[in-house]
Every structure is written in structure tokens, then in C-alpha cells.
Protein chains: 2
Amino acid sequence: MVRADAQRNINAIATAAVDCLSRDPDASVADIAKAAGVGRVTLYGHFPSRADLVDAAFARAIEDGDALLGAVDLDGDPRAALTRLVDASWELVNRFRSLLLAAQHTLPPGRIQALHEGPADRMRRLLERGRAEGVFRTDLPTSWLISTMQHVMHGAADEINAGRLDARDAARYISTTVLAALTPPAV
Amino acid sequence: MVRADAQRNINAIATAAVDCLSRDPDASVADIAKAAGVGRVTLYGHFPSRADLVDAAFARAIEDGDALLGAVDLDGDPRAALTRLVDASWELVNRFRSLLLAAQHTLPPGRIQALHEGPADRMRRLLERGRAEGVFRTDLPTSWLISTMQHVMHGAADEINAGRLDARDAARYISTTVLAALTPPAV
DNA sequence: TCTTTGTTGAACACCGCTGTACGAGTTACT
DNA sequence: AGTAACTCGTACAGCGGTGTTCAACAAAGA
């Protein structure tokens, strides 16, 4: 029988993990336990290793983020819809940038990709609709276009972090750039 | 008096550092010393700390790379010139991707940017010429466009590393995408 | 109430890394 | 040939992290 008490702690730990790792990708297990208001040993009782903890945190961030993305209206003009989706995605990428770093050198290769399947699918569907309507280019693979968008956002986060970009400009720059990259080349 | 012997070792160490860190961003000082065919103590004799070593390796990579970039013909049609420059840059970014990672969490903030000044300037000049000729867009800051190019390349390297992108396609995808991002929006 | 499930801090072993010290040996330069 | 510069291996201290053990204690749930 799983005690309600324990369940609450598991939850608090996962929340704290998302929080800490979003601030410092190298946050230690001790830091996270303290932030969760829990002993380090208790934490190990629920998450056998640091990797399990990072995995849980990342999965939770994706899940929560995907829920937000689900509220975005993807109907109507594909270009406008894409702008909306990119804006919402950017918000998330920016928030969880540091957590992604942690995941990148903790989780086994492919795991991150696997967890991203939900959000990526949403983007892919929109992209393909736009292509079918002749609004988006078809001379590059969908997967490349998606990863490009991701990396432009990721890059913007870097620039903000380095103080070379004003956070208020980012959303506009990103959607403008991404739209241009998706536009079919003039013949 | 600096002995020729020592100078040769310093060189071998720097070379080995570039080499090792380009393969594994977390390569230890011991690894690098071994690769240089030198005792760990000898290494510390020339580079007081790991950070100094990473700095030297990164600076050398930039210097060597910038020399290659200097050979690229930047005259004529800006779009063609940019394609040539991006292709050459991509080669370098791809090769030193891992070294950049090492630099990122070893060197003080701003140091990487400072070392990139040479290459960035070359790109900036070309970009501005293209803008003056009406070939490149002017509704986004030059700095943003440059960083976008960098991040698209960086992202491509990631994709290759993850096995989701064929290295042979990369150059074409990148220059196509980058050119599209630089094209002035249709009115 | 009473048993099962959780929690706790302190202590410990372990790991790999960085950086230092030492003493003996080797090599370049004059 | 002689001196200063350099190199070597080994050994050590320190650090910060991970993961485990233990023994005492607290609380949920039937």
C-alpha cells in the first residue's frame, strides 16, 4: 500500500527537481532534497539514482508543457497558427532551458527525443497542413524544419542568458525568423 | 630562457587538448597529458589550471579556423558569398562542437564571445554589404541574424550526433535554411 | 491500538577529479 | 663540461559529488 504521505513527498520532490534543475543544471541531489523539504535519504527511497530523478523532472516538464501547448488554436491560416504555436513553445523552451541541459548529459541518448514526441507531433501536423496548402516549403524534410525551429529557440535562450538579447524582443525575432525559414523559396 | 624542448611540449599539449576536448568535452587533464605524450605534472608546469588549458585549446581552434575562413572568397553576389562562408563555417562548427561545450562550462562568461570576434566580424561585414545591396533583410538586427546562423549550425551538429541527420545533407540544409532566413520578407 | 510504511540525520565508503610536493633523472643551451 | 631548464612517476591532500547503512523515531491506516 502506498501511503498518501509518501505520494505527496514524491510529488514535492519532482516539483523541486524541476525547479532546481531549471535554475542550475548541475544541482545536486542534496540541493533538490532540501528544496523539497525532505531528507536526502527519503529522496533516494523514491528515486534510486540521480538519473531517475532527472528523468522524472524532465518528463513532468514535458507533460505540463504539452498541456499548455494543447490549448493553442492551430486552425486557420497556417502562418498565423504557427506563430501562435512558436510563441507558446518559446515560453516553455526559455523556462526549461537549463533543465534540458541537465537531461542532455544525464539521460541516455534518445530518451529526450522520445519524451518530446508529443509536442513534436503537434508541430509536425501543423507543418504538414501548411505544406499541403502551399504555404510552407517542401524542399526540406519536416524533421529538419522542426529541429531548426527548436534550435533557433534554444539559441535565443542562450543569447538572453549571455545578456546579448533583450528577452522582450525574443518572441518577435524568433517567429519572424522561423516563418522566413519556412517560406517556399521564390522561383 | 625558454628551451625549444619546452616549447615543443607546450605545443603538443595544446594540440592534444584541442583533440581530446573535440571528442569529449569532459576530458580530464590526465587524458590530455597522456594524449600529448607528457606527464601530468609537466602539463601543470605550463598550464596552471584546467581552465587555462581549455582557454588555450579554444583560442587555438579559433585561430586556426579563422585562418581557413580567411581563404574564402567574399566578393561577388552576397548570397553566393554567404553560402561559401556558411559552408566553411559549418565545417569548423561541426569539428569543434564538443570543444565549444567544454569552453562553455569552463571559461568565464564573455570569453567565448571575445574570442569569436574575428570570425563574427567577417560575417558581419558580408551581411552588411548584402543589406546595403538590398539582398538581405534589414528588419532584424545583424547580431540576431549572426547568432541565428551560429545556432542553426550548432543544432545541425546536434542532430548529426544524435543520428537523426545524415552528415552529407547538413551543409545543403544549413545554407538553404540560412539564406531563407536572411531573405527580405515579401511585401 | 498496533503494525506497516515512511522519514530522519549522521556516518561511511567510494569515486574521479584537481592541484601540489618531492626527489631523481634527463636534456638543451653556452 | 657545467648549469639551468625541464621532465618524470609516485604519492599525497582536498574537494564535492553519489549511493548505502543504521538505529531511532513518526505517522498513516486497518
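Residues numbered from 1 in each chain as written. Chains lettered and ligands numbered in written order. Predicted model: local features only at pLDDT ≥ 70, side-chain atom pairs only at ≥ 80, totals over all residues. Heavy atoms only, no water.

Asks: Please provide a residue-by-residue account of the protein's contact with DNA strand C, values included.
Replies: Looking at DNA strand C, there are 22 residues lining it, with Arg3(A), Asn9(A), Thr42(A), Arg3(B) and Arg50(B) nearest. Near the protein, meaning within 4 Å, the atoms of DNA strand C are sugar or phosphate in a fraction of 64%, with bases accounting for the rest. Side-chain polar atom of Asn9(A) to a phosphate oxygen of DNA strand C: 2.2 Å apart, as the coordinates give it. Side-chain polar atom of Arg50(B) to a phosphate oxygen of DNA strand C: 2.8 Å apart, as the coordinates give it. (Near = heavy atom within 4 Å. Polar contact = N/O pair within 3.5 Å; in protein donor to acceptor, adjacent residues only side chain to side chain.)

Asks: Please provide a residue-by-residue account of the protein's contact with DNA strand D, values included.
Replies: Close to DNA strand D lie 22 residues; Arg40(A), Arg50(A), Arg3(B), Asn9(B) and Thr42(B) are nearest. Looking at DNA strand D alone, sugar and phosphate atoms form 67% of those within 4 Å of the protein. In this structure, a base nitrogen belonging to DNA strand D sits 2.4 Å away from a side-chain N or O atom of Arg3(B). Take His46(B): an N or O atom from its side chain is 3.0 Å from a phosphate oxygen of DNA strand D. With 4 residues, helix H3 (residues 40-46) of chain B is the largest single contributor of residues to the surface near DNA strand D. Across the surface near DNA strand D, the residue classes tally to 9 nonpolar, 7 polar and 6 charged. (Helix = DSSP H or I, 4+ residues; strand = E, 2+ residues; numbered from the N terminus. Nonpolar A, V, L, I, M, F, W, Y, C, P; charged D, E, K, R; others polar.)

Asks: Run through the relation of the copies chain B and chain A, naming residues and quoting values.
Replies: If you rotate chain B by 180 degrees and push it 0.0 Å along the axis, it lands on chain A with an RMSD of 0.1 Å. What the rotation and shift describe, once combined, is the action of a two-fold rotation axis. If distances are taken from each C-alpha of chain B to the rotation axis, the shortest is found for Ala181(B), at 2.4 Å. (Least-squares fit on C-alpha atoms with pLDDT ≥ 70 in both.)

Asks: Explain the pattern of salt bridges to me, using residue names and the numbers behind them.
Replies: Residue and element names in this part refer to chain A. All told, the structure shown has 26 salt bridges over all chains when counted by the stated rule. Of the charged contacts in the structure, one is a salt bridge between arginine 95 and glutamate 91, with a shortest N-O distance of 2.9 Å. One end of the pair, arginine 95, and the other, glutamate 91, are both in helix H5 (residues 78-104), 4 residues apart, so they sit about a helical turn from each other. Assessed through its relative accessible area of 40%, arginine 95 is described here as partly exposed. Glutamate 91 gets classed as partly exposed once you look at its relative accessible area, which sits at 42%. (Salt bridge = Lys/Arg side-chain N within 4 Å of Asp/Glu carboxyl O. Buried < 20%, exposed > 50% of the residue type's maximum accessible area, 1.4 Å probe, protein only.)

Asks: Any details on the layout of surface pockets? Residues and values, ideally.
Replies: Of the pockets and cavities examined, the second largest pocket occupies roughly 380 Å³. As for the second largest pocket, its lining consists of 18 residues, and the residues nearest its centre are Ala180(A), Thr183(A), Pro184(A), Ala180(B) and Thr183(B). For the lining of the second largest pocket, the secondary-structure elements that each account for two or more residues are helix H9 (167-182) of chain A together with helix H9 (167-182) of chain B. In the lining of the second largest pocket, the residues fall into 10 nonpolar, 4 polar and 4 charged. (1 Å grid on protein atoms, 1.4 Å probe; cavity = no way out; pocket = protein on both sides within 12 Å on 5 of 7 lines; lining within 4 Å. Points joined across faces, edges and corners; volume = space filled by probe spheres on them.)

Asks: Explain the environment of His46(A) to me, and be specific about the residues and the numbers.
Replies: Along the polypeptide, His46(A) turns up in helix H3 (residues 40-46). When the C-alpha atoms of His46(A) and Ala57(A) are compared, they prove to be 13 Å apart, with 11 residues separating the residues in sequence.

Asks: How would you sum up the UniProt feature "domain: HTH tetR-type" (unreviewed entry) in chain A? Please name residues and give values.
Replies: Here the UniProt feature "domain: HTH tetR-type" (unreviewed entry) sits at residues 7-65 of chain A. When the span residues 7-65 of chain A is considered, its composition is 80% helix and 0% strand, and the gap between its end C-alpha atoms is 22 Å. (UniProt positions renumbered as here; feature names shortened; annotations may be inferred.)

Asks: Summarise the packing of aromatic side chains; cite the residues concerned and give the values.
Replies: Going through the model one piece at a time under the given rule, you end up with 2 aromatic pairs over all chains. When the centroid spacing of 5.4 Å and the interplanar angle of 50 degrees are considered together, the rings of Trp144(A) and Tyr173(B) count as tilted. Separated into two different chains, Trp144(A) in helix H8 (residues 142-161) and Tyr173(B) in helix H9 make up a pair that spans both. Of the two residues, Trp144(A) and Tyr173(B), neither departs from the other in class, the shared state being buried. (Phe/Tyr/Trp six-rings, centres within 6.5 Å; stacked < 30°, edge-to-face > 60°.)

Asks: Got a sec to walk through the side chain of Thr148(A)? Specific residues and values, please.
Replies: Structurally, the position occupied by Thr148(A) is in helix H8. Here Thr148(A) falls in the buried class, since its relative accessible area comes to 7%. The contact partners of Thr148(A), leaving out residues within four places of it in the chain, are Val152(B) and Thr177(B). (Contact = heavy atoms within 4.5 Å.)

Asks: Could you give me a rundown of empty space enclosed by the protein, with the residues and numbers involved?
Replies: Taken as a whole and judged by the stated rule, the model has 1 cavity of 30 Å³ or more. Of the voids in this model, the largest cavity is the one considered here, and its volume is about 120 Å³. Lining the largest cavity we find 16 residues, and of these Thr177(A), Ala181(A), Thr148(B), Thr177(B) and Ala181(B) sit closest to its centre. Of the residues that constitute the lining of the largest cavity, the class distribution is 12 nonpolar, 4 polar and no charged.

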